[in-house]
Amino acid sequence: MTTHVVATAGHVDHGKSTLIRALTGMEPDRWEEERRRGLTIDLGFAWTILPSGREVAFVDVPGHGRFIRNALAGLAAVPVVCFVVAADEGWSAQSSDHRDAIAALGIRHGMIVVTKADRAPDLVAATIERARSEFAHTALRDAPAVAVSAVQGTGLDTFRRTLDDVLVEAPAPDASGRLRLWIDRSFSVSGAGTVVTGTLIAGTLTKGDRLEVVGQGREPREVVVRSLESRDAPADAVHPMNRAAVNLRGVSAEDVGRGQALIAPGAWVMTTEVDVRRIGGAALNEVPTQLTVHVGTTAVPARLRVFDAEHVRLTLDWPLPLIVGDRLLLRDPARHLVLGGVGVLDPDPPALLRRGEGTRRRAVLAAMPPEGDVLAKVASRGAVEVNDLRRIGLIGPDAVPPSEVRELSGWWVHVPAYDEWRQKLRDLVENDTKRDQLTPGVSQGAVRDALGMPAARFIDRLVADAGLEQHSGYVRLPRPRADLGRAEAGVAKLEARLLADPFLAPLAGDLAALGLGVRELAAAERAQRVLRLQGGVVLLPSAPELAIQALAQLPQPFTTSQARQALSTSRRVAIPLLEYLDGRGRTRRIDDDHREVVR
């Protein structure tokens, strides 16, 4: 069953924990010091069943300003909030801090609860009016309001019915989504080992799952879910919008804690740079360039690169699993102020290394929709793996490429970029042929160097689409296959032999046995099927280029003997081949027995 998770918010001592105790009969303050001081220091948890039968779990956050980081950890992982204001004290300092945090995090569902109504019944209406005015410019401007007295028990039934109505409008949980659970507690249980807790927003946790613990600047650790609990009861699986206690194998309680996350391996990009847009709070060109970023239950130091008042690049001190659409909260750690909230536009942004690239990036971000721009991402890189687009949250599992994008072998490829690569390849091969009519073509290595990544991943498809062909490791213009008549069978056998050992030239008797005499070999050479050298040496047209590649690896200059050994051939083949290379300017003769490759 789905359990809706709701966080409390509001100033210290305005009755949040007392309200939860009255609703659930449970004590949310977990620490002895909290109960002794009557002050919530860390996150507390309790749950109950509403009149509709819906199960609801409360995350009780501290209201004191000194514990704002703990409060943000509770608010950041939930979609619904109960904002508490005491009737006898009214709107107070941390009321504003928590309002700003709620607005910055983009929380859109919740209710206003005026507590301690029995202490100041004549101030209830004014307190509600003030709270509504404070939320007038946030997503909670139309939130319903109720008044309660937890001590007397009045208004609690109205609270339950109102919360039921709010939860009807809350976003439906995504059980098929990618799993990411931000950890808010970690402890060790005798006989069980490490246990972590958190609120599961999307995905499904199952006993036996292999996951990774990431965040807080630590290396990812592979763990296994040994067992699960939800609401103090064992569970084989935990679904979205439930509190989960996860017993892990593979990590100690000291090596995992608040601010880290449990994620499905391979499903997320761990990033330290994100381009973001302001969604609330101060203009981004007016905030400190060194600040703290809150997301989920983590708080990470970060630096800003400002594009304009609405867009910045955040560089985080350690990598986090972030996607397009994530909401981040910016806080000034020196002044303990919530500065505002931002939405992630691109968790995998391009490097900005050259003059003017920042200005161009600003224009791109200004035009980018909140859900990111998959076409711009693919166009900027030429091609992107589909899995990478999914991992950064730009597309879902059933996404269809835009009209200017085609899918090739698990990649989305920008059509204009692909056309440019194809033409570049065609030009490269044609220019090579113009320089040397007997060229075997352009080597695949040279093609990869010329096209670069990611085009080099699509060489086979590009060769076909450019009207070219590949032969013996070279890309070349298509060559009409001459009809060699009775010699065809012999030439084909010769080609197969030389493909296996390029410099093992057949002897005259071997050629005769293949039915290849002077006329047949001349016809094969005209068809560019063979290359004839002095002394009756017959090789493939690709042999000279293959020889240069091998000779270039030798210490320069090299001897004829060294060349023969490098080519694994005889002097009968090596000498005419070296003379051929001398005549084509590929090697240079230094003295009677030394040559060097011409670079």
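Here the structure is a predicted model, which is why all the values come from computation and not from measurement.

1. Some thoughts on the sheet that holds strand β31 (residues 587–591)
Pairing is antiparallel across the open sheet formed by three strands, whose spatial order is β30-β32-β31. Two strands bound the open sheet, and with one partner strand each, they are β30 (558–559) and β31. Where β31 and strand β32 (residues 594–597) come together, four bridges link them in antiparallel fashion. The residue bridging threonine 587 from the neighbouring strand is valine 597, located in β32.

2. Considerations on the nonpolar core
Ranked by size, the top nonpolar core spans 32 residues in total, and within it Leu494, Leu516, Leu533, Leu539, Leu551, Phe558 and Leu577 carry the most contacts. Secondary structure elements with two or more residues in this core: α13 (488–500), α15 (518–526), β28 (531–533), β29 (537–539), α16 (543–551), α17 (560–567) and α18 (571–583). A total of five residues in this core trace back to one element, the largest contributor, which is α18. Those residues in contact with leucine 577 that sit more than four places away from it in its chain are Phe503, Leu533, Leu539, Pro544, Ala547 and Leu567.

3. Digging into unusual backbone geometry
The omega angle of the peptide bond from methionine 453 to proline 454 is 5 degrees, so this bond is cis rather than trans. Along the chain, proline 454 turns up in the loop between α11 (444–451) and α12 (459–465). Going from glutamine 556 to proline 557, the amide bond is cis rather than trans, its omega being -5 degrees. On the secondary structure map, proline 557 appears in the loop between α16 and β30. With a phi close to 50 degrees, serine 409 is a non-glycine residue in the positive phi region. In this fold, serine 409 is placed in the loop between β23 (405–408) and β24 (411–414). Phi at glutamine 528 takes a positive value of approximately 60 degrees, unusual for a residue other than glycine. Here glutamine 528 shows up in the loop between α15 and β28. By relative accessible area, which is 27% here, glutamine 528 ends up partly exposed.

4. Points about the packing of α16 against α18
For the pair α16 and α18, interaxial distance at closest approach is 11 Å and the crossing angle is 95 degrees. Judged by the angle between their axes, α16 and α18 are roughly perpendicular. Contacts between α16 and α18 involve Pro544, Ala547, Ile548 and Leu551 from the former and Leu577, Leu578, Tyr580 and Leu581 from the latter. Within the contact of α16 with α18, the residues separate by chemical class into eight nonpolar, no polar and no charged.

5. Side note on α15
Those residues of α15 lying buried are Leu521, Ala522 and Ala524. One side of α15 carries all its buried residues, which in axial view fall inside an arc of 160 degrees. The exposed residues of α15 that point more than 90 degrees off its buried face are Arg519 and Arg526. Here the buried face of α15 lies against α13, α14 (508–513), β28 and β29.

6. Notes on the pattern of salt bridges
The full count for this structure, using the stated rule, is 32 salt bridges. A salt bridge links arginine 529 to glutamate 495; the nearest nitrogen and oxygen atoms lie 2.8 Å apart. Residue arginine 529 is found in the loop between α15 and β28, and its partner glutamate 495 is found in helix α13; the two are separated by 34 residues along the sequence. In terms of burial, arginine 529 and glutamate 495 fall into one category: buried.

7. Considering the pairing of strand β21 (residues 337–346)
Here β21 lies mainly inside the structure; nine of its 10 residues are buried. Relative to β21, strand β20 (residues 327–332) runs antiparallel, the two being bridged by six bridges. Looking across to β21, one finds that arginine 327 is bridged to glycine 343.

Each value, and the rule that gives it
- Residues numbered from 1 in each chain as written.
- Predicted model: local features only at pLDDT ≥ 70, side-chain atom pairs only at ≥ 80, totals over all residues.
- Heavy atoms only, no water.
- Pairing = 2+ DSSP bridges.
- Helix = DSSP H or I, 4+ residues; strand = E, 2+ residues; numbered from the N terminus.
- Core = buried A, V, L, I, M, F, W, Y, C linked by side-chain atoms within 4.5 Å.
- Buried < 20%, exposed > 50% of the residue type's maximum accessible area, 1.4 Å probe, protein only.
- Contact = heavy atoms within 4.5 Å.
- Axes fitted to C-alpha atoms, helices over the stretch in contact; angles between N-to-C directions.
- Parallel < 35°, antiparallel > 145°, perpendicular 65-115°, else oblique.
- Nonpolar A, V, L, I, M, F, W, Y, C, P; charged D, E, K, R; others polar.
- Arc of directions from axis to C-beta.
- Salt bridge = Lys/Arg side-chain N within 4 Å of Asp/Glu carboxyl O.

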